Amino acid sequence: YGGMGLDFSYNIAVAEELGNIRCGGIPMAIGVQAGMTTPALTRFGSDELKKQFLVPTIAGDFVACLGISEAGAGSDVANIKTTAVKKGDEYVINGGKMWTTSGCQADWMCLLANTSEGPPHRNKSLICLPMNLPGIHVAKKIDKLGMRSSDTAQIFFEDVRVPSKNLIGEEGKGFTYQMLQFQEERLWGVATVLTQLETIIQETIDYTRQRKVFDQSVLNNQAVHFHLAELATEVELLRSLLYRTVALYVEGNDVTKFASMAKLKAGRLAREVTDSCLQFWGGMGFTSEVLVSRFYRDLRLMSIGGGTDETMLSIICKYMETLPTK
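Here the structure is a predicted model, which is why all the values come from computation and not from measurement.

**Q** Help me understand the nonpolar core, please; the structure alone is not making it clear to me.
**A** For soluble globular proteins, the rule of thumb is that nonpolar side chains tend to be buried together. In terms of nonpolar packing, the biggest core is built from 42 residues, with Leu197, Ile200, Leu228, Leu242 and Val273 touching the most fellow members. Counting only elements with at least two residues in this core, the list comes to helix H1 (8-18), helix H5 (174-210), helix H6 (222-250), helix H7 (256-281) and helix H8 (291-298). Not counting residues within four places of it along the chain, the set of residues in contact with Leu197 comprises Val235, Leu269, Ala270, Val273 and Leu299. The next biggest cluster of nonpolar side chains, apart from the first, holds 23 residues, and it includes Leu66, Ile80, Leu112 and Tyr177.

**Q** Would you mind showing me how to read the UniProt feature "domain: Acyl-CoA dehydrogenase/oxidase N-terminal" (unreviewed entry) in the chain here?
**A** When the UniProt feature table is mapped onto this chain, "domain: Acyl-CoA dehydrogenase/oxidase N-terminal" (unreviewed entry) is found at residues 1-61. Helix makes up 69% of residues 1-61 and strand 0%, with an end-to-end C-alpha separation of 13 Å.

**Q** Where do I start with the UniProt feature "domain: Acyl-CoA dehydrogenase/oxidase C-terminal" (unreviewed entry) in the chain in this structure?
**A** Residues annotated by UniProt as "domain: Acyl-CoA dehydrogenase/oxidase C-terminal" (unreviewed entry) correspond here to residues 172-318. Between the end C-alpha atoms of residues 172-318 there is a gap of 23 Å, over a span that is 75% helix and 3% strand.

**Q** Would you explain the pattern of salt bridges in this entry?
**A** Close approach of charged atoms allows side chains with opposite charge to pair. Counting across every chain of the model gives 15 salt bridges. Taking the shortest distance from any N to any O, the salt bridge between Glu203 and Arg22 comes out at 2.8 Å. Highlighted residues: Glu203 in helix H5 and Arg22 in the loop between H1 and helix H2 (25-36), separated in sequence by 181 residues. For Glu203, a relative accessible area of 23% corresponds to the partly exposed category. Residues Glu48 and Lys165 are paired through a salt bridge, measuring 3.1 Å at the closest nitrogen-oxygen approach. Of this pair, Glu48 sits in helix H4 (residues 47-59) while Lys165 sits in the loop between strand E7 (152-163) and strand E8 (167-168), and the two are 117 residues apart along the sequence.

**Q** Teacher, can you tell me more about the packing of aromatic side chains here?
**A** One pair of aromatic rings is described through two measures. These are the centre distance and the angle between the planes. Applying the stated criterion across every chain yields a total of 4 aromatic pairs. With a centroid separation of 5.1 Å and an interplanar angle of 75°, the aromatic rings of Phe8 and Tyr249 are classed as edge-to-face. Taken together, the residues span a long stretch of sequence, with Phe8 in helix H1 and Tyr249 in helix H6 at a distance of 241 residues. Taking the relative accessible area as the measure of exposure, Phe8 reaches 9% and is therefore buried. For the ring pair Phe44 and Tyr177, a centre distance of 4.0 Å and an interplane angle of 15° mean the geometry is stacked. One end of the pair, Phe44, is in helix H3 (residues 39-44); the other, Tyr177, is in helix H5, and 133 residues separate them in sequence.

Conventions we followed
Residues numbered from 1 in each chain as written. Predicted model: local features only at pLDDT ≥ 70, side-chain atom pairs only at ≥ 80, totals over all residues. Heavy atoms only, no water. Core = buried A, V, L, I, M, F, W, Y, C linked by side-chain atoms within 4.5 Å. Buried < 20%, exposed > 50% of the residue type's maximum accessible area, 1.4 Å probe, protein only. Helix = DSSP H or I, 4+ residues; strand = E, 2+ residues; numbered from the N terminus. Contact = heavy atoms within 4.5 Å. UniProt positions renumbered as here; feature names shortened; annotations may be inferred. Salt bridge = Lys/Arg side-chain N within 4 Å of Asp/Glu carboxyl O. Phe/Tyr/Trp six-rings, centres within 6.5 Å; stacked < 30°, edge-to-face > 60°.

Written as structure tokens, this is what we have:
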């Protein structure tokens, strides 16, 4: 279908390299294509669907978006209200999606919708939804704190008709498929933020070395260089967890617990690194002229998007409860 046929570890190598881009929005937008909208289609989609949607997405001719979150259901995926009712050989879609990355320009959406009245974890399906169909309304481009180079949309569906053959895999398996997609999304995010955090720490070292306060460089204060050393150590520990998780994933293991741990740690570390480093930049850090202030805004999303810190903690706890007691 136009891809290189490499394993998931290469996605992570790409994500780390994209972290060198001096903003969060562009790596995230590419990540939506590579690790958020396409994994389920790749694994479970029909050959026809892959030719129609996956091939042009891999080629870069189509922009894809992921329709999961709603105004009343962010990390609580099971609570989504959007419906896709089957009528003949079509699904009729009603509802709406919120915080949709690339939603203003997307050619198609990987849509999660309720396709039956059953239990919330077994009544959902993923559908390839062309974004040019009648009844799809992009209500607005959301003005955000960070990730400002990435468009984020609020979208409504009003009696949108899509062929039933656009269903990814089996009906009712959408929740399970999306949980699998989330693992790749979260690992991509961790890999991207690793490089960005390293960049922030290094630029803070360079700045505090030359910035003088009370006749000595800021870096010459033990509290400053010790704290930067601790932050650098935490980044390396996160990298080790990421690489271990990716290695297990490539071998075919369930890495939900480790991916959740990495996502949790990445979000919290992003907040700690950007806040600490911005403080060491002083007044200059509060301007829009330096990278640390941009990453302070952009990387704040790491603790929210793709599942909040609290959601990660809940997942980790569930997996811990399955361990045998001593």
